[in-house]
Amino acid sequence: PFTTLTIDPGVTLKFDNFIEFFVDGAVQADGTVDQPINFTSINDDTTGGDTNGNGSATIPTNGSWDGIEFRASVIDHLTRLSNIRVAYAGRAGNGALRVSNTSIAISDCEVRNSSTAGIVVSSGNPTIEGCRVWGNSGDGLRVNGGAPEATFNRFSTNLSDGVEVVGGAPLLPNNQFLQTRGFGL
């Protein structure tokens with residue numbers, strides 16, 4: 001049986017090294033502008049305070065934890081992600097936020113400081129709208145398959161491309177591409 005996880009506005013979830021958050025079911029993460037929902041590294045003292053209790057002995061780095069993966073068993077119509085921030089994920093060649101064979105809606109998010117791509121779409125038809133995807137060591141958005149629709153997003157300061165299309169048929173109108181080392185699209 002599938003379950004719905006509801007995450008309240010203002011909540012910060014911190015992940016230790018090598019931890020991955022798999023979603024099989026539904027997640028309702030509706031933050032607000034004033035109270036976003038944060039997914040970050042246990043070493044990130046700037047968000048949620050010094051929860052690992054070691055002062056400044058550790059600092060987060062790109063790829064400190066694995067990331068979030070929405071898999072085929074996600075209940076699309078019950079999954080909502082808005083005003084979320086994902087930081088310091090993407091360890092081991094994984095993107096920080098990954099969508100596989102699902103069509104969820106992601107809006108008004110920030111995905112930053114991944115050790116690879118910020119967002120990876122392997123298959124499915126997700127919508128990604130109004131997000132800021134920046135400071136990632138790879139692409140801002142990598143489309144390996146599917147038909148994602150990404151509109152009104154800002155891809156900036158990623159160390160590869162703003163958006164890289166390897167496969168699939170994405171729809172990418174009205175996006176901004178700023179200061180990427182590779183191509184904008």
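Computed from a predicted model, the values in this text were never measured in an experiment. (Residues numbered from 1 in each chain as written. Predicted model: local features only at pLDDT ≥ 70, side-chain atom pairs only at ≥ 80, totals over all residues. Heavy atoms only, no water.)

Draft legend 1. Region of the structure containing the sheet that holds strand β3 (residues 20-23). Taken together, the six strands give an open sheet; going across it, the order is β3-β6-β9-β12-β15-β18, and neighbouring strands pair in parallel fashion. What marks the edges here is a single partner per strand, and that holds for β3 and β18 (163-165). With strand direction ignored, the average angle separating the axes of adjacent strands in the sheet is 10 degrees. Relative to β18, strand β15 (residues 141-143) runs parallel, the two being bridged by three bridges. What sits directly across from L141, in β18, is V163. (Pairing = 2+ DSSP bridges. Helix = DSSP H or I, 4+ residues; strand = E, 2+ residues; numbered from the N terminus. Axes fitted to C-alpha atoms, helices over the stretch in contact; angles between N-to-C directions.)

Draft legend 2. How the structure looks around the sheet that holds strand β1 (residues 4-7). Ordered in space as β1-β4-β7-β10-β13-β16, the six strands form an open sheet in which the pairing is parallel. At either end of the open sheet lies a strand with only one pairing partner, and these are β1 and β16 (149-151). The average angle at which neighbouring strand axes cross in this sheet is 15 degrees, direction not considered. Where β1 meets strand β4 (residues 26-30), four bridges bridge the pair, whose relative direction is parallel. When the bridges of β4 are listed, I7 appears paired with A29.

Draft legend 3. A look at unusual backbone geometry. A positive phi angle, near 70 degrees, is found at F18, a position not held by glycine. Judged by its relative accessible area of 59%, F18 falls in the exposed class. For Y88, which is not glycine, the phi dihedral falls at a positive 65 degrees. Note that Y88 resides in the loop between β8 (84-87) and β9 (97-99). (Buried < 20%, exposed > 50% of the residue type's maximum accessible area, 1.4 Å probe, protein only.)

Draft legend 4. Quick peek at the pattern of salt bridges. In the structure shown here, the tally under the stated rule is ten salt bridges. Across the pair E20 and R98 runs a salt bridge whose closest N-O atoms are separated by 1.7 Å. With E20 in strand β3 and R98 in strand β9, this residue pair connects regions lying 78 residues apart in the sequence. Residue classification places E20 among the partly exposed residues on the basis of a relative accessible area of 23%. With a relative accessible area of 7%, R98 lands in the buried category. Counted as one network, the salt bridges with shared partners bring together R85, E110, R112 and R132. (Salt bridge = Lys/Arg side-chain N within 4 Å of Asp/Glu carboxyl O.)

Draft legend 5. Structural view of the state of the cysteines. Under the defined criterion, the tally for this structure stands at one disulfide. Disulfide pairing is shown between C109 and C131; the S-S distance is 2.3 Å. Measuring the twist about the S-S bond at about 120 degrees, one finds the C109-C131 disulfide to be right-handed. Of this pair, C109 sits in the loop between β10 (105-107) and β11 (110-112) while C131 sits in the loop between β13 (127-129) and β14 (132-134); the two residues are 22 residues apart in sequence, bridging distant segments of the chain. (Disulfide = S-S within 2.5 Å.)

Draft legend 6. A look at the side chain of N136. Here N136 lies in the loop between β14 and β15. Separated by 2.8 Å, the side chain of N136 and the backbone nitrogen of S114 make a polar contact. A polar atom in the side chain of N136 sits 2.9 Å from the side chain of N158. Each residue touching N136, except ones within four places of it in the same chain, is listed here: V111, R112, N113, S114, T116, G118, T157, N158 and L159. (Polar contact = N/O pair within 3.5 Å; in protein donor to acceptor, adjacent residues only side chain to side chain. Contact = heavy atoms within 4.5 Å.)

Read these as geometric descriptors, not functional statements.
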